[in-house]
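Next come the chains, spelled out residue by residue.
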Amino acid sequence: MTTLSHPAIELAVGEFSKGGSPARVVAAIDRGDTMAVLIATASPFDSDGEARVLVFVEHDGAQWRLPGVMNGSIWRPITRAATTAAGRPLAGKCTKLYRGTDSEIGWYGLTGYAAEDAVAVTVASSLGTDRVEVAADGLVLAAVRARSGETPAVIIHLVTGENLVAP
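Residues numbered from 1 in each chain as written. Predicted model: local features only at pLDDT ≥ 70, side-chain atom pairs only at ≥ 80, totals over all residues. Heavy atoms only, no water.

### Some details on the sheet that holds strand E10 (residues 139-147)
- Pairing is antiparallel across the open sheet formed by three strands, whose spatial order is E6-E7-E10. One side of each edge strand has no neighbouring strand; the edge strands of this open sheet are strand E6 (90-98) and E10. Averaged over all pairs of adjacent strands, the angle between strand axes in this sheet comes to 15 degrees, irrespective of strand direction.
- Note that strand E7 (residues 105-114) and E10 share nine bridges and pair antiparallel. Residue pairing across strands places Tyr108 opposite Val144, the latter belonging to E10. (Pairing = 2+ DSSP bridges. Helix = DSSP H or I, 4+ residues; strand = E, 2+ residues; numbered from the N terminus. Axes fitted to C-alpha atoms, helices over the stretch in contact; angles between N-to-C directions.)

### Concerning the packing of aromatic side chains
- Going through the model one piece at a time under the given rule, you end up with one aromatic pair.
- Look at Phe56 and Tyr98: their rings are 5.7 Å apart centre to centre, the planes differ by 5 degrees, and that puts the pair in the stacked class. Pair noted here: Phe56 is in strand E3 (residues 50-59) and Tyr98 is in strand E6, with a separation of 42 residues, a long-range link.
- On the basis of relative accessibility, which here comes to 13%, the residue Tyr98 falls in the buried class. (Phe/Tyr/Trp six-rings, centres within 6.5 Å; stacked < 30°, edge-to-face > 60°. Buried < 20%, exposed > 50% of the residue type's maximum accessible area, 1.4 Å probe, protein only.)

### Things to note about the pairing of E3
- For E3, a buried count of eight out of ten residues is recorded, marking the element as mostly surrounded by other parts of the structure.
- As paired elements, strand E2 (residues 34-42) and E3 share nine bridges and run antiparallel to each other. When the sheet's bridge partners are listed, Thr34 is paired in E3 with Glu58.
- Strand direction decides the pairing type here: E3 and strand E4 (residues 64-65), joined by two bridges, are antiparallel. Looking across to E4, one finds that His59 is bridged to Trp64.
- In this structure, the hairpin formed by E3 and E4 is closed by a connection of four residues, where Gly61 is found at a positive phi of approximately 100 degrees.

Here it is as structure tokens:
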């Protein structure tokens, strides 16, 4: 993940703060001309919940731009499991394919929480691979180029050296 100070991050947080609810960046990944930014704000659907939205912010050569449509999911705090479950290795797993101006190739984003025995996660598509370390709180944020309709493989790397493929 990247530093949390960047013009694309400021743009995304500012956009989600417009409605009166404060927004904050949870994590971000810098991919050069594209930033994957995970934003947290108050949920418009659940007064006790928090909405988390993964936004891909693109640089058009002159400035950073937000996509026209942004969506996310209601998020509740997750207690990290001690060990990774084979059938469900990432709690709260959420994926998103953002295509931008190209309808055939886009960015595949993955968020979720790994168990305490997970050390890294790899997301692999036909166009690239992204291996990310699991954050201290278990958060995983990955972004990889992918073709429209493709579902990249997600592999959880455990402290034991074992690798589990996420369904």
